[in-house]
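Below are the chains, spelled out letter by letter.
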Amino acid sequence: MILFFVVTVTVLWVILFRYRRRRMYELAALVAAPDVELPIIGISFSLIGNNQKVLATLQSFSYQAMKHGGILRSWLNYRLYFLMVNPEDIEIILKQSLEKDELVESIREVLGYGSIFAPVSIWRRRRKILAPAFKQKIIEGYMEIFYNQAESLTTKLHSFAGTGTFDIFPFITANSFNAVCETAMGVNLDVVKNRETNILTSLTHVLHVTCHRVFRVWMHPTWSFKLFPCYTGFKRCMDVLNGFIDDVIEKKQMEFKIEKNSLTEADKNYQCQNSKSFLEYLIELSQADKGYNEVELREEMMTLLIAGTDTSALATSYTLLLLAKYPKIQEKAYQEILEVFQGSDRPVVKEDLLKLKYVEMVIKESMRLYPPVPFIVRKIETELPLSSGKILPANSGGVISIWGVHRDPKYWGPDAEHFNPDRFATEQVRTQHPCLFMPFSTGIRNCLGTQYAMLAIKTTLATILRKYKIVGQEESSPIPNIPCKLEIMMKAVDGYHIAIEERKVVNM
């Protein structure tokens, strides 16, 4: 009798659940499904496995979407998602669906309500405070820091010249991390020399565990996450990161109060002409009632620390690996650098970067094929008609495949998979749809740090290529073969193994 009652209640609940969602099922049926999808659990089974398998599955879905008008629907248990590679549809979602999907809720365990993943109600206010700190003049003021860090990196790499292959990613990551610490928080850490520092190791571990959690719905609730063995290490690493950031904020706030009380007007005018860290700008901007409190400052600093470190480091590392695979392209970039610097060893300045147009094309092509953030997920709160004629139902999710739209032959031609920096020299690319190339996202919630990242990446690459030739296994095909995995951002499975050779001094 009890069993009959339980079964009856369960069946009635399922019927009611499906009836209330009948519109969702109706609209979902009009969109192509993936090749393999099981009843009830949908595609959940295909996202179980290591991070390489997860990325391969999402890439496969992207290719399938290309064949079905740029959209593919899939069920993740009871949740409905639509993966898109159509730039017109993507633009609509990025403009009208600003909320982040519940799938990325676990990332908030790390970033809190930092601007990238904050709910719209919180994001609007925070973005308004944060945006002035990313003005072009302020970013350009960090040029000396970028160069000094890059120069320090090349010095550390000297002992590897002519010794065979090594993974350059830890060095690039540490260099990027140090630059972010100095520009974002005003802290100078020599982690290139001691790259296995507690802070950087903690940062790497936190990202690994967070990505592992995102695709395992049973680990989404905080209470269930705490039951898994990985939580202990995650919590320990978060304590290290939060403690580091809190300590820096406390010291900077104290310094701000002392300077505010002691500086003369002449001193204040002089100080305004010199670069401050993002944290110092935010502390200054937060003196009003609507500014950041200490928790909000920590969340924004954590966001800048993670986003600023990994995006720049990955873009730089992928580009170096590709230049090793395609020496003719590297030589063309080097000749441009020679022309700009005329064989001198003077520091890199912002005016030099404007002249390195081919180097920039190489970076863009690298980020087209290997975008650091390959997917963005948005919550569809109300029915959303797309330009393609499809309608996304309320309470579904929109997965924007940056990786897919960057490789769609419909827009990039039959050589879409080729590594060809010259494509960015064409007028067609310069006038293309803004959502066809979006390594830093686009739209209202785009990345504020785009200019910062490009300045840092170009400075680092120019400094390295001036001193070293990058050597590796030359690729026989124009299509690079770099197996990747997903750890919030997209990373090479086997690392970024290259060899370097010192260049001879060229007098021009």
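Residues numbered from 1 in each chain as written. Predicted model: local features only at pLDDT ≥ 70, side-chain atom pairs only at ≥ 80, totals over all residues. Heavy atoms only, no water.

A. Here's a closer look at empty space enclosed by the protein. Taken as a whole and judged by the stated rule, the model has three cavities of 30 Å³ or more. In this structure, the second largest cavity spans a volume of roughly 110 Å³. Of all the secondary-structure elements, those providing two or more residues to the lining of the second largest cavity are helix 8 (143-157), helix 9 (169-185), helix 15 (294-325) and helix 22 (450-467). Sort the elements by how many residues they give to the lining of the second largest cavity and helix 9 lands first, with five residues. In terms of residue class, the lining of the second largest cavity is built from eight nonpolar, seven polar and no charged. (1 Å grid on protein atoms, 1.4 Å probe; cavity = no way out; pocket = protein on both sides within 12 Å on 5 of 7 lines; lining within 4 Å. Points joined across faces, edges and corners; volume = space filled by probe spheres on them. Helix = DSSP H or I, 4+ residues; strand = E, 2+ residues; numbered from the N terminus. Nonpolar A, V, L, I, M, F, W, Y, C, P; charged D, E, K, R; others polar.)

B. Expanded view of the environment of Glu336. Along the chain, Glu336 turns up in helix 16 (residues 327-341). Those residues in contact with Glu336 that sit more than four places away from it in its chain are Lys355, Leu356, Lys357, Tyr358 and Val359. A distance of 3.0 Å separates a polar side-chain atom of Glu336 from the backbone nitrogen of Val359. (Contact = heavy atoms within 4.5 Å. Polar contact = N/O pair within 3.5 Å; in protein donor to acceptor, adjacent residues only side chain to side chain.)

C. How the structure looks around the layout of surface pockets. Its volume calculated, the largest pocket comes out at about 550 Å³. In this structure, the largest pocket is lined by 24 residues; those nearest its centre are Glu360, Thr450, Gln451, Met454 and Leu455. Every element with two or more residues in the lining of the largest pocket is listed here: helix 7 (136-140), helix 17 (350-355), helix 18 (357-369) and helix 22. Here the lining of the largest pocket gets five residues from one element, more than from any other, and that element is helix 22.

D. Spatial organisation of the pairing of strand 2 (residues 79-84). For strand 2, a buried count of six out of six residues is recorded, marking the element as mostly surrounded by other parts of the structure. Of the two faces of strand 2, the one lined by Arg79, Tyr81 and Leu83 and the one lined by Leu80, Phe82 and Met84 are each fully buried. One ladder, built from six bridges, connects strand 1 (residues 71-76) with strand 2; its direction is antiparallel. In the sheet register, Leu76 faces strand 2, and the bridge partner there is Arg79. Hairpin geometry of strand 1 and strand 2 is characterised by an intervening segment of two residues between the two adjacent antiparallel strands and by a positive phi of about 60 degrees at Asn77. Relative to strand 7 (residues 396-401), strand 2 runs parallel, the two sharing four bridges. Paired with Phe82 across the bridge in strand 7 is Gly398. (Buried < 20%, exposed > 50% of the residue type's maximum accessible area, 1.4 Å probe, protein only. Pairing = 2+ DSSP bridges.)

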